[in-house]
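Examination of the molecular architecture
Letter by letter, the chains look like this.
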Amino acid sequence: MAAIYSLYIINKSGGLIFCKDYGSAGRMDTNDTLRLASLWHSMHAISQQLSPVSGCAGIELLEADTFDLHCFQSLTGTKFFVVCEPGTQHMEHLLKHIYELYTDYVLKNPFYEMEMPIRCELFEINLSQAVQKDRVALLGR
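Description of the structure in this document. Predicted model only: the values in this text are computed from it and were never measured.

Thresholds applied
- Residues numbered from 1 in each chain as written.
- Predicted model: local features only at pLDDT ≥ 70, side-chain atom pairs only at ≥ 80, totals over all residues.
- Heavy atoms only, no water.
- Helix = DSSP H or I, 4+ residues; strand = E, 2+ residues; numbered from the N terminus.
- Buried < 20%, exposed > 50% of the residue type's maximum accessible area, 1.4 Å probe, protein only.
- Patch = residues over 30% accessible without salt bridge, like charges linked within 9 Å, V, L, I, M, F, W, Y side chains within 5 Å.
- Areas by Shrake-Rupley, 256 points an atom, 1.4 Å probe, with all protein chains shown as cover.
- Salt bridge = Lys/Arg side-chain N within 4 Å of Asp/Glu carboxyl O.
- Phe/Tyr/Trp six-rings, centres within 6.5 Å; stacked < 30°, edge-to-face > 60°.
- Expected span 1.5 Å × (residues − 1).
- Arc of directions from axis to C-beta.
- Contact = heavy atoms within 4.5 Å.
- Lys, Arg positive; Asp, Glu negative; His and termini not counted.

1. Remarks on the environment of Ser42
Turning to its location among the elements, Ser42 is positioned in helix H1 (residues 30–50). Placed 28 residues apart in sequence, Ser42 and Gly14 show a C-alpha to C-alpha distance of 7.6 Å.

2. Overview of unusual backbone geometry
Of note, the phi angle at His90 is positive, near 65°, even though the residue is not glycine. With respect to the helices, strands and loops of the structure, His90 is situated in the loop between strand S5 (79–84) and helix H2 (91–107). Taking the relative accessible area as the measure of exposure, His90 reaches 35% and is therefore partly exposed. In this model, Glu115 sits at a positive phi of 70°, which is unusual for a non-glycine residue.

3. Structural notes on a nonpolar patch on the surface
Taken together, the side chains of Leu39, Met43 and Leu62 present a nonpolar region at the surface, about 230 Å² in accessible area. Following the sequence through the fold, Leu39 ends up in helix H1.

4. Here's the deal with the packing of aromatic side chains
Each aromatic ring pair is specified by the distance between its two centres and by the angle formed by the two planes. With the rule as written, the count across this model stands at eight aromatic pairs. With 6.3 Å between their ring centres and 40° between their planes, Phe72 and Phe80 make a pair best called tilted. Note on accessibility: Phe72 and Phe80 belong to one class, buried. Clustering of aromatic rings is evident, with ring pairs tying together Phe72, Phe80, Tyr99 and Tyr102.

5. Points about H1
For an α-helix, 3.6 residues make a turn, and residues three or four places apart therefore share a direction. Between the first and last C-alpha of H1 there are 30 Å, a value that for 21 residues agrees with the 30 Å anticipated at 1.5 Å per step. Listing the buried residues of H1 in full gives Thr33, Ala37, Trp40, His41, His44 and Ser47. The buried residues of H1 occupy an angular sector of 135° when the element is viewed end-on, so they sit on one face. The outward face of H1, more than 90 degrees from its buried face, is lined by the exposed residues Arg35, Gln49 and Leu50. The inward-facing, buried residues of H1 abut strand S1 (4–10), strand S2 (16–21), strand S3 (61–63), strand S4 (68–73) and S5.

6. Some words on the side chain of Lys79
Along the polypeptide, Lys79 turns up in strand S5. One buried charged residue, Lys79, remains without a salt bridge, the closest side chain of opposite sign being Glu115 at 9.2 Å. Setting aside anything within four residues of it in sequence, one finds Lys79 in contact with Tyr8, Ile9, Ile10, Trp40, His41, His44, Cys71, Phe72 and Gln73.

As C-alpha cells, this is what we get:
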C-alpha cells in the first residue's frame, strides 16, 4: 500500500496547477479535484485570518481517520499538499524537496508561464523518483 495517495500544487490564486495520484483507490474525477484544490485554498486562507496567533502560516496538517493532509506554502503563496496514510511521518521534508524540484524544473523552464498548469516532463520524472525514494525510505523505517 502506498504511503502517499496524491500530490497537489495550487497557485497563489487558488487554481490547481498540478495533480498526481499515486494510489489506485478513491480516484477523483477532474471536477472533484478542482473543487478540492479550491476548498483547501479557501480553508487555508480562512485559518490564517482566524488564528489567534499573529503570523500564522495557515493549516499545515489535517488529520482524519483515513488520511492525513500535509501542506507547505512557499513565500510566493504557492501551496504544495500531499494526501497520505494516517500517521505518515516526515512529509514536510518531502514537500520541501518537491518545492525545490518545482523551482529547479518548472520556474527555471523558459517555456513555463507563471500560474498556469505544469506541463514539464523533467519535473514529473524527478518528482516520481523523489516519491519512490520516499516510499522506499518509509518501508525501511
